[in-house]
Amino acid sequence: MGKIVTVDPITRIEGHLKIDVEINKGKITNAWSSGQMFRGIELILEGRDPREAWIFTQRFCGVCTTVHAIASVRAVENALQMEIPLNAQLIRNLIIAAHTMHDHIVHFYHLSALDWVDITQVLKANPKNAANLAQSLSPWTRNTVHEFRAVKEKVKAVVDSGQLGIFSNGYWGHKAMKLHPDVNLIAVAHYLQALEYQRTINDCVGLLGAKTPHIQNLAVGGVANAINLDDQTALNMTTLLRVKHLLDEVQQFINQVYLIDVCTIGSFYLDWAGYGAGDLNYLAVPEFPTDTKGEKFDMMGGTIFKGDFGGAKAITNFNDPYFKDNVQESIARSWYDGDWQKHPYEQTTEPKYTGYDRAGDYSYVKAPRFKGKPMQVGPLAQVLTSYAVGDKATKKYVGVAVDTIKAVSGKKIPLAALHSTIGRHAARAIRCAVVNEMAMSHWDMLVNNLSKGDSEYFNKPVFPKGEIKGFGFHEAPRGALSHWVVINDGKIKNYQCVVPSTWNAGPRDAQGQKGPYEACLIGNPIADSKRPLEVLRTIHSFDPCLACAVHAFDPEGNELGVVETNI
Amino acid sequence: MSTKGAIIGIGNVLLKDDGIGIKILNHIDAHFHFPETVELVDGGTCGATLNTAIVDKQWLIIIDALNVPGDPGEVRVLAGESFIHRPAQTKMSPHQVGFLDLIQLMRFEGTGPEELELIGIIPEDLTNGPDITASVDATIEPVTQKVLELLKNRGIVPEKRDPPLKPDYWWLPVSA
């Protein structure tokens, strides 16, 4: 038996994810991912009006508010088999796109960059050399000596004060940190600029969704935005032009900064293209519907098993039985009453905590399976499925990534390098650029449709007597999200969410198949087991968000830190 | 001269007492009318997305459930920089990491509110459900008074709504 290192907590946001890894000769040989909080929050919805479910579901998680609102209205609309007006579809798409860009930018810069960037090394950087390098890679106008010098001074002031604040928990000076000081400086400068652009794109969500962080404009049957291009109190041309302007601004940041930074930093860590692959099973759902029924989409989704691109199978519409019939969740190794593996419609949520046991039950997260297999979800799954079916925008930005890495490292990397820890970051940046293009084209579609005189935005839902069932999926920033609802006489009878972090962070099942986090950690190097930075790198590359994934709250789990135990 | 600020409620209304900050915020909203320089923000459990709401503010009054030793329903007022500079992993409330991380980030950027006051309420029950326990619910009026006092220190006296509006506790069962 090797040495067991526990990293707890692993997310910088919220939620309680515990990862145990077994280390032999500097490599991870086994791993366990455990959700330590029970949140059977879906139970709150039982007996409620399905038209209001989205208002509650967007409070399930503090990080992914909007996504649960979208999945919820889609699930109820699916149960009613109703169409929604094209304007409503497109307005939702713009909100989805803006929220996605916000998430991806924040995730890279503010939640995971410091796994790779050593802020203390900035003091050794040369602002002039940093500017030369950055200007050679990107036309971004803010890559100036002046800007880099100012950031270096700012970092120096923080380090000199001894109050590292937000940076006090970093792995500074760790052996696994390999960026050149000048690249560290570029990254920290953009880390600060990213704060501005995440505000820019969040303003977009606010303009369309009436409010952030909790949008107000959804409705089962469409949206609640009254539309009149000439009316000051409705969604009008002034608002739409403002949205377009914000999308333009953010596009520059994504294409000239975010995508370039990920590739530049990745060039120094190409060894990480060899770690974090896992089982190569991927699931993504289609997104950005362009019709009223949800049968045509601008972004592809589907499945890939064992990395077989040729065998990729598409999920094609909001009713697709290929998705509906193949999702199950197992509780064989989770703290629930029973050992079943069931379809979401058939599930119950009865927690039964029996102690943390790596050989038995060890997590509050259920283990979702597609056709019985664990599936990785998220931007990498989405980019790979789109690439497999020949999506042009995806191919274009994969090309930009490959070229940038070649310019910095001199190496031409193969597509297979995306099956990795660093590949998940690259895929997220590629996807962010694609989503921005999508937002631009959907903005055009919306304005064209409005100009034609269509001002419909809502179809009234009517609930029949008796039982109906529906599911709604959404390719959220963290991956495939689905809500499953059973409605009886117009009231919610059962509600289940199968969320992205559950797909990725789930434990083993009855067959002993590991979840994606667990499988992707196997083989990762650990340079210093007292400071297992490499575990964080792989887990953070998934964009974990456990408040969402875990269905409970463990009052014992509040006080946390990095803990090490020897077994 | 008046500076811009916000009263911000933090918490998850679906986790019983964790929602007390939002409930008090909605109570205040129903009873007082504020000048344009004061915004009321339902922050939920959000971190980074609150950036937009607070970037143009000079001060914040934060109302939140607070995980510190003490009896349920006790109210603590923390002012100044003390609670900002706690190491991030010492959690006082389940969502504090995201929000306080954001404030620290904005400090580094050189933006965001300079003056912070936190009114924390010690919770009794943080399990699933919309209801708030009696001991914690009893803090609505005293915390409201505390908020008014803190506002008065800033020279702000909101106008009383007469009659008050019905507070929008949308997450509670209809009978409540």
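Residues numbered from 1 in each chain as written. Chains lettered and ligands numbered in written order. Predicted model: local features only at pLDDT ≥ 70, side-chain atom pairs only at ≥ 80, totals over all residues. Heavy atoms only, no water.

## Overview of the overall build of chain B
The helix and strand tally for chain B stands at 5 helices and 7 strands. When each of the 176 residues of chain B is scored for burial, the buried share is 57%. For chain B, contacts bridging at least 24 residues in sequence account for 80% of all contacts bridging at least 6. (Helix = DSSP H or I, 4+ residues; strand = E, 2+ residues; numbered from the N terminus. Buried < 20%, exposed > 50% of the residue type's maximum accessible area, 1.4 Å probe, protein only. Contact = heavy atoms within 4.5 Å.)

## Side note on the nonpolar core
Among the nonpolar cores identified, the biggest contains 166 residues, and M101(A), Y109(A), F253(A), Y258(A), I265(A) and V147(B) are the most heavily contacted of them. Residue contributions to this core peak at 16 residues, all from helix α11 (residues 421-451) of chain A. Sequence-distant contacts of I265(A), defined by excluding residues within four places in its chain, comprise F108(A), W116(A), V117(A), L179(A), V183(A) and A187(A). (Core = buried A, V, L, I, M, F, W, Y, C linked by side-chain atoms within 4.5 Å.)

## Let's talk about the sheet that holds strand β14 (residues 467-476) of chain A
All names here are of chain A. Across the sheet, which stays open at both edges, the 3 strands sit in the order β14-β15-β16 with antiparallel pairing between neighbours. With one partner strand each, in any of the chains shown, β14 and β16 (491-498) form the two edges of the open sheet. Geometrically, the sheet is characterised by an average inter-axis angle of 15° between neighbouring strands, direction not taken into account. Pairing analysis gives 7 bridges linking strand β15 (residues 479-488) to β16, with the strands arranged antiparallel. Bridging from a neighbouring strand, W484 pairs with Q496 of β16. Of the strands in this sheet, β14, β15 and β16 touch helix α2 (residues 65-80), which is tilted by about 145° from β14. (Pairing = 2+ DSSP bridges. Axes fitted to C-alpha atoms, helices over the stretch in contact; angles between N-to-C directions.)

## Some words on unusual backbone geometry
Residue D162(B) is joined to P163(B) through a cis peptide bond whose omega torsion reads 0°. Along the polypeptide, P163(B) turns up in the segment after β7 (159-160). Phi at Q81(A) is positive, roughly 50°, even though this residue is not glycine. Judged by its relative accessible area of 53%, Q81(A) falls in the exposed class. One non-glycine residue, K306(A), lies in positive phi territory at about 50°.

## Focus on the pattern of salt bridges
Note on pairing: side chains with opposite charge can pair once their charged atoms come close. Residues and elements named next belong to chain A. This structure, assessed with the given rule, holds 29 salt bridges over all chains. Here K469 and E346 are joined by a salt bridge, their closest N and O atoms 4.0 Å apart. With K469 in strand β14 and E346 in the loop between β12 (341-342) and β13 (367-370), the pair connects residues that are 123 residues apart, well separated along the chain. (Salt bridge = Lys/Arg side-chain N within 4 Å of Asp/Glu carboxyl O.)

## Concerning the sheet that holds β13(A)
All names here are of chain A. In space, the 3 strands of this open sheet follow the order β12-β11-β13, with antiparallel pairing throughout. Edge strands, defined here as strands with exactly one partner in the open sheet, are β12 and β13. Note: strand β11 (residues 327-330) against β13, 4 bridges, orientation antiparallel. If you follow S330 over to β13, its bridge partner there is A367.

## Brief notes about the pairing of β15(A)
A regular strand places its side chains so that they alternate between the two faces of the sheet. Residue and element names in this part refer to chain A. Burial within β15 is extensive, with 9 of its 10 residues counted as buried. Here 10 bridges tie β14 to β15, and the two strands are oriented antiparallel to one another. Residue pairing across strands places K469 opposite V486, the latter belonging to β15. Following β14, the chain reverses through 2 residues before pairing antiparallel with β15. Turn length for the β15-β16 hairpin, with the two strands adjacent in sequence and antiparallel, is 2 residues, and the turn residue D489 shows positive phi of about 50°.

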